[in-house]
Amino acid sequence: MTALIMAAQLILGLSILVILHEFGHFIAARAFGIKVEKFYLFFDAWNIKLFKFKKGDTEYGIGWLPLGGYVKIAGMIDESMDKEAMKQPAQPWEFRSKPAWQRLIVMIGGVVVNLILGIIIFAFVILRYEQNYLPNDEVSKHGVYASEIGQLAGFQTGDRILQINGSDIERFKDAQSVNVLFGSTVSVERNGNVMDVIIPDTFYKAAKVARRTRFIDFFNYPAVIDSLIVGMPASEAGLQKGDFIISLNNEPVASYGTFREMVADCDTDVAQIQFIRNGDTLQRAVAIDSSGYIGVFTNVPYEFKEYSFLSAMKYGYKDAINMLVVNVKGFGKIFSGEEKATDSLQGPIGIAKIYGGIWDWHKFWFITGLLSLILAFMNILPIPALDGGHVMFLLYEIVARRKPSDKFMEYAQVAGMVILLGIMAFAVGNDIFKLFK
């Protein structure tokens, strides 16, 4: 059942993205009077179709090969390699008869739609699932909690975050962004002095091997229990709401952040937790398992702020662009050899595993929004057979004022398809290798 849920989420997410990507090409082509002969989800290789119908000049359908989708634009050298049609005289409703600037808009239509879609999904996730955020000013009341990995970056517990790369931040979430780990200058106030914490662009490697704690968090406040999960170790041991935890195994607990890390790093099966209840100092033995959770929630002494529609759109855009930048940086590190492609690239199996075996709509939409941004970036790469390859040749035509020959475009298309099939084979093979590894 877990595998089925993973596969279902992968197929649904990619189907949404592919249909809307191809719709971007379709609507741009129709806007310029270009005939679109086919609009397909999945490929109808060898003319095998699961479903089809025709409306106007366009055949709509679903193919059997789930490797994406396509629109067949009349008069365009594409993956269909329809050489016979290209031998005929150009018609006014064909792609090849239109000005270069119109053809350029048609080619970037899919990328633009995926970029806009990613921003909209991120904004929707904020409005529907996050709903509110923790202002950075609130965290500044106590300062951040710097975990072990955060201290390695140069932070200290009690630091007050002021700016990131010279810009003020309103949400504390932005100070925890993975984008920060790819190289940033974070201005902090420490013991009344303003100083910079400079994070190298390789620090994300150390963060990847860190435990579940973030490099900085807002847990620098007293560990006072607000609620407990019934059946978990803390509840079973008799801890109650309002208990003020002061030590674990005779080690003082300075804050809730300290307590979280101490529990996670505890090397005993049972921990002695000392706390204050109604003025009395008490102690209980609490079981610790390998998960590092005992089932307590603390009273967060901060006021959260609700997102408005406009602020959700603003931060949806910001989060989307930040995630896009992170992935572009990651791709650059693969290209430069700083990262191994086997460690970083994910094929369909890897993506399905990221979706997970539990259907969580919050996670589903977040990952789908992220994939939309990645799809936009990958498609604009200057590889023949991708949108970016066509854009590259169109820009050449605009600058040189002459088209590449049809024969050259055919060879380029074939070369691009070979490259893409090679990358796909590598990604799938890598996924399978990781399963056995």
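Just above sits the structure.
Computed from a prediction, not measured in an experiment: that's the story for all the values here.

1. Brief notes about the overall build of the protein
Moving on, step 1. Summing up its helical and strand segments, the protein has 14 helices and 18 strands in all.
Moving on, step 2. Reported as C-alpha extents along the three principal axes, the dimensions of the protein are approximately 95 × 50 × 40 Å.
Moving on, step 3. Sorting the 437 residues of the protein into buried and exposed places 44% on the buried side.
Moving on, step 4. Of the contacts made within the protein by residues no fewer than 6 positions apart, 64% connect residues no fewer than 24 positions apart.
Moving on, step 5. For the protein, the computed accessible surface area is about 22,900 Å², with 62% contributed by carbon and sulfur atoms.
Moving on, step 6. Charged side chains in the protein number 42 positive and 44 negative. The centres of these two groups are separated by 8 Å.

2. Comments concerning the sheet that holds strand E13 (residues 244-248)
Moving on, step 1. One open sheet holds the 4 strands; their spatial order is E14-E13-E15-E16, and the pairing between them is antiparallel. Across the chains shown, the open sheet's two edge strands, defined by having one partner strand only, are strand E14 (251-252) and strand E16 (280-287).
Moving on, step 2. Sheet contacts for helix H8 (residues 256-264): E13, E14 and strand E15 (270-277); angle to E13, the most-contacted strand, approximately 45 degrees.

3. Considering the packing of helix H3 (residues 100-130) against helix H9 (residues 309-336)
Think of two packed helices as two axes; the pair is described by the angle between the axes and how far apart they sit.
Moving on, step 1. Orientation of H3 relative to H9, taken along the N-to-C sense of each, is 125 degrees, at an axis distance of 7 Å. Viewed along their axes, H3 and H9 adopt a mutual orientation that is oblique. For the pair H3 and H9, the sense of crossing is right-handed. Residue-level inspection shows Leu115, Gly118, Ile119, Phe122, Ala123, Ile126 and Leu127 of H3 in contact with H9, the latter providing Phe309, Ala312, Met313, Tyr315, Gly316, Tyr317, Asp319, Ala320, Met323 and Leu324.
Moving on, step 2. Across the contact of H3 with H9, the residue classes break down as 14 nonpolar, 2 polar and 1 charged.

4. Observations concerning the sheet that holds strand E4 (residues 65-73)
Moving on, step 1. Taking strand neighbours across the sheet as the criterion, the 4 strands line up as E2-E3-E1-E4 in an open arrangement whose pairing is mixed. Edge strands, defined here as strands with exactly one partner in the open sheet, are strand E2 (49-55) and E4. Averaged over all pairs of adjacent strands, the angle between strand axes in this sheet comes to 10 degrees, irrespective of strand direction.
Moving on, step 2. In the sheet, strand E1 (residues 36-43) pairs with E4 via 6 bridges, with the strands oriented antiparallel.

5. Quick notes on a nonpolar patch on the surface
Moving on, step 1. A surface patch of nonpolar side chains, about 650 Å² in accessible area, is lined by Val112, Ile116, Ile120, Leu127, Phe309, Leu310 and Met313.
Moving on, step 2. Taken together, the elements giving at least two residues each to the nonpolar patch come down to H3 and H9.
Moving on, step 3. Ranked by residue count, the leading element in the nonpolar patch is H3, at 4 residues.
Moving on, step 4. Following the sequence through the fold, Ile116 ends up in helix H3.
Moving on, step 5. Taking the relative accessible area as the measure of exposure, Ile116 reaches 45% and is therefore partly exposed.

6. As for the pairing of E15
The side chains of a regular strand alternate, residue by residue, between the two faces of the sheet.
Moving on, step 1. Where burial is concerned, the two faces of E15 differ: the one with Ala271, Ile273, Phe275 and Arg277 is buried and the one with Val270, Gln272, Gln274 and Ile276 is not.
Moving on, step 2. In the sheet, E13 pairs with E15 via 4 bridges, with the strands oriented antiparallel. Across the sheet, residue Ile245 finds its bridge partner in E15, namely Phe275.
Moving on, step 3. As paired elements, E15 and E16 share 8 bridges and run antiparallel to each other. Opposite Gln272, over in E16, you have Ala285 as the bridge partner.
Moving on, step 4. Taken together, E15 and the strand that follows it, E16, pair antiparallel across an intervening segment of 2 residues, in which Asn278 is found at a positive phi of about 55 degrees.

7. What to know about the pattern of salt bridges
Moving on, step 1. Scanning all chains against the criterion turns up 18 salt bridges.
Moving on, step 2. Salt-bridge contacts for Asp174 lead to Lys318; the nearest nitrogen and oxygen are separated by 3.4 Å. Of this pair, Asp174 sits in the loop between strand E8 (167-168) and strand E9 (184-190) while Lys318 sits in helix H9, placing them 144 residues apart in sequence.
Moving on, step 3. Among the salt bridges present, the one from Lys333 reaches Asp201, with a minimum N-O distance of 3.9 Å. On the criterion of sequence distance, the pair formed by Lys333 in helix H9 and Asp201 in the loop between strand E10 (193-199) and helix H6 (203-208) is long-range, its members being 132 residues apart.

8. Points about the environment of Leu127
Moving on, step 1. Looking at the secondary structure, you find Leu127 in helix H3.
Moving on, step 2. In this structure, the C-alpha to C-alpha distance between Leu127 and Thr342, residues 215 residues apart in sequence, is 36 Å.
Moving on, step 3. When sequence neighbours within four positions are dropped, the list of residues in contact with Leu127 reads Tyr307, Ser308, Phe309 and Ala312.

9. Examining the environment of Ile229
Moving on, step 1. Of note, Ile229 is situated in the loop between strand E12 (225-228) and helix H7 (233-237).
Moving on, step 2. A relative accessible area of 36% places Ile229 in the partly exposed class.
Moving on, step 3. Spatially, the C-alpha atom of Ile229 lies 60 Å from that of Phe393, the residues being 164 residues apart in sequence.

10. What about the packing of aromatic side chains?
Moving on, step 1. Evaluated as defined, the whole model comprises 31 aromatic pairs.
Moving on, step 2. Consider the rings of Phe122 and Phe366, whose centres lie 5.3 Å apart with planes at 40 degrees: the pair is tilted. Of the two residues, Phe122 is situated in helix H3 and Phe366 in helix H12 (residues 361-379); the sequence distance between them amounts to 244 residues.
Moving on, step 3. For Phe122, a relative accessible area of 4% gives the class buried.

11. Focus: H8
Moving on, step 1. Burial within H8 is extensive, with 8 of its 9 residues counted as buried.
Moving on, step 2. Of the positions making up H8, those classed as buried are Tyr256, Gly257, Thr258, Phe259, Glu261, Met262, Val263 and Ala264.

12. A look at unusual backbone geometry
Moving on, step 1. Even without being glycine, Gln131 reaches a positive phi, approximately 65 degrees.
Moving on, step 2. Summarising the element assignment, Gln131 is placed in the loop between H3 and strand E5 (132-133).
Moving on, step 3. You will see that Asn165, though not glycine, has its phi angle at about 50 degrees, which is positive.

What counts and what doesn't
- Residues numbered from 1 in each chain as written.
- Predicted model: local features only at pLDDT ≥ 70, side-chain atom pairs only at ≥ 80, totals over all residues.
- Heavy atoms only, no water.
- Helix = DSSP H or I, 4+ residues; strand = E, 2+ residues; numbered from the N terminus.
- Buried < 20%, exposed > 50% of the residue type's maximum accessible area, 1.4 Å probe, protein only.
- Contact = heavy atoms within 4.5 Å.
- Areas by Shrake-Rupley, 256 points an atom, 1.4 Å probe, with all protein chains shown as cover.
- Lys, Arg positive; Asp, Glu negative; His and termini not counted.
- Charge placed at Lys NZ, Arg CZ, Asp CG, Glu CD.
- Pairing = 2+ DSSP bridges.
- Axes fitted to C-alpha atoms, helices over the stretch in contact; angles between N-to-C directions.
- Parallel < 35°, antiparallel > 145°, perpendicular 65-115°, else oblique.
- Left-handed = near helix turned anticlockwise from the far one by under 90°.
- Nonpolar A, V, L, I, M, F, W, Y, C, P; charged D, E, K, R; others polar.
- Patch = residues over 30% accessible without salt bridge, like charges linked within 9 Å, V, L, I, M, F, W, Y side chains within 5 Å.
- Salt bridge = Lys/Arg side-chain N within 4 Å of Asp/Glu carboxyl O.
- Phe/Tyr/Trp six-rings, centres within 6.5 Å; stacked < 30°, edge-to-face > 60°.

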